[in-house]
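Examining the three-dimensional arrangement
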Amino acid sequence: MVSKVFITGSTGYIGGQVLHDLLHNKDHQFEVTALVRNETKAKRLLERTNNGIKTVIGSLDDASVIEEQVKKNDIVVNTADVDHVPSAEAIERALVGKKEQTILVHTSGTSVIGDELRKGKKPSTKVYYDDESIDEINTLDHNQPHRPVDEIILRINEKNPNVKVVVICPSAIFGVSDGYDKIISAQIPILINLSVANKQAFSVYHGNYIWSHVHVKDLGELYVLLVDKLLKGESVPQGRKGYYFGSYVVENEGPISEKPSPIEHLWGDVSAAVGKVLYENKLVSTPDVAQLEPGKIAQLASFDFAPYLWGTNSRSRANNGIKIGWKPKFTDPKYFWDGIRNDFEHMKKEGAFSK
Ligand SMILES: NC(=O)c1ccc[n+]([C@@H]2O[C@H](COP(=O)([O-])OP(=O)(O)OC[C@H]3O[C@@H](n4cnc5c(N)ncnc54)[C@H](OP(=O)(O)O)[C@@H]3O)[C@@H](O)[C@H]2O)c1
């Protein structure tokens, strides 16, 4: 049977990987309609997928386009903007009134469990588990990043049980994606770009904050695994319990310490690796890392959220994914650390440093 999918964000990093994995899935046939912002993007996506999809032109602000597509399709995969409230409301409106069984796979991000920016703060020992900590996750403060949209999405299944809702909440995503347009991530590439602009790599204060991470190809497999299980009608956590961190787990993990586990990183260590690669490439005059105040970083980046990207702790464990049979392949730390250099090389090839 062919299942009809509506996807947002498929010219992007996450959405491109998910689209690729849907189109290459061996168990199901998907007829995909992708929301794209303009004709140029549509043409590029069509060419690069060998006309394997349909496109619809529109933005997340075009509520009527979104509602129409949500009503028409069996599966909705939302990967475009985890903070866009009006499109989440449009998705909710369309789904709440829908009689046909529908699957919604929504994207969030683990800044939702991030802590505050504070000088002298230590690495946190607080770890969130997507199964055991689910009540805490469901009652996170409304002012946490991404939370306003999460709140809308997580209530949909209560309003209409015909809609199976899962939220995939990725940590720091790394690796080059199999997507069709933008194929590298944001957090580390932005740090690389801003370090060049700053003429020195930097951390937020001392940089001793821990985050979990996930390879984009592992993440894509999690999306498609969930679609597969829900299509087959298998019982997997969904609705308010359907929260899936895009991060890894540590088998038989002992007590949590202030040191990152092998499936996590310290942002200060990432800054040091960035300093090293930029220094080797003569883009900065020292490999040392400057300790900057959040305000200076926000100014450098021209957006207020920037220091939160590298100045918070966000430690998560993807228990739910593992329980449903997700088998991530890029858990070895070398993939994450090599990923920094790979991002740099990709950016260099694209001419990011030749201006
Ligand atoms: N990368 C990570 O590590 C990570 C981790 C967790 C959560 N997230 C969040 O997940 C979301 C996607 O991340 P990403 O890294 O895939 O971002 P990305 O590479 O910038 O891709 C964003 C995608 O959404 C589309 N889009 C954005 N705003 C839109 C709008 N107003 N109307 C229509 N389409 C729109 C973009 O279209 P165009 O091609 O036209 O720009 C692109 O296809 C973001 O909200 C991000 O904050 C990212």
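Relevant structure appears above.
Here's a quick rundown of the structure. Everything numeric in this text was worked out from a predicted model, so none of it was measured. (Residues numbered from 1 in each chain as written. Predicted model: local features only at pLDDT ≥ 70, side-chain atom pairs only at ≥ 80, totals over all residues. Heavy atoms only, no water.)

1. Examining the packing of aromatic side chains
Counting across every chain of the model gives nine aromatic pairs. Seen in terms of ring centroids, Phe202 and Trp310 are 6.0 Å apart; in terms of plane orientation they differ by 80 degrees. Their pairing is edge-to-face. One end of the pair, Phe202, is in strand β9 (residues 202–204); the other, Trp310, is in helix α12 (residues 306–310), and 108 residues separate them in sequence. Accessibility classification places Phe202 together with Trp310 in one group, the buried group. In this structure an aromatic cluster arises from ring pairing among Phe174, Phe336 and Trp337. Above the plane of the ring of Tyr209 lies Lys121, whose end atom (NZ or CZ) is 4.7 Å from the centre. Against the face of Tyr128 rests Lys126, its NZ or CZ located 4.6 Å from the ring centre. (Phe/Tyr/Trp six-rings, centres within 6.5 Å; stacked < 30°, edge-to-face > 60°. Helix = DSSP H or I, 4+ residues; strand = E, 2+ residues; numbered from the N terminus. Buried < 20%, exposed > 50% of the residue type's maximum accessible area, 1.4 Å probe, protein only. Lys NZ or Arg CZ within 6 Å of the ring centre and 35° of its normal.)

2. Here's the deal with the nonpolar core
In this structure, Leu104, Tyr243 and Trp310 are the most contacted members of the largest nonpolar core, which totals 102 residues. Per-element tally for this core: the top contributor is helix α9 (residues 216–231), with nine residues. If you count residues domain by domain, this core takes at least three from each of domain 1 (2–114 + 126–174 + 213–251) and domain 2 (187–210 + 252–316 + 329–346). Among all residues touching Tyr243, those that are not within four sequence positions of it are Ser108, Val112, Asp130, Ile134, Ile137, Asp150, Leu154, Val167, Cys169 and Asn320. (Core = buried A, V, L, I, M, F, W, Y, C linked by side-chain atoms within 4.5 Å. Domains from an automatic or database assignment. Contact = heavy atoms within 4.5 Å.)

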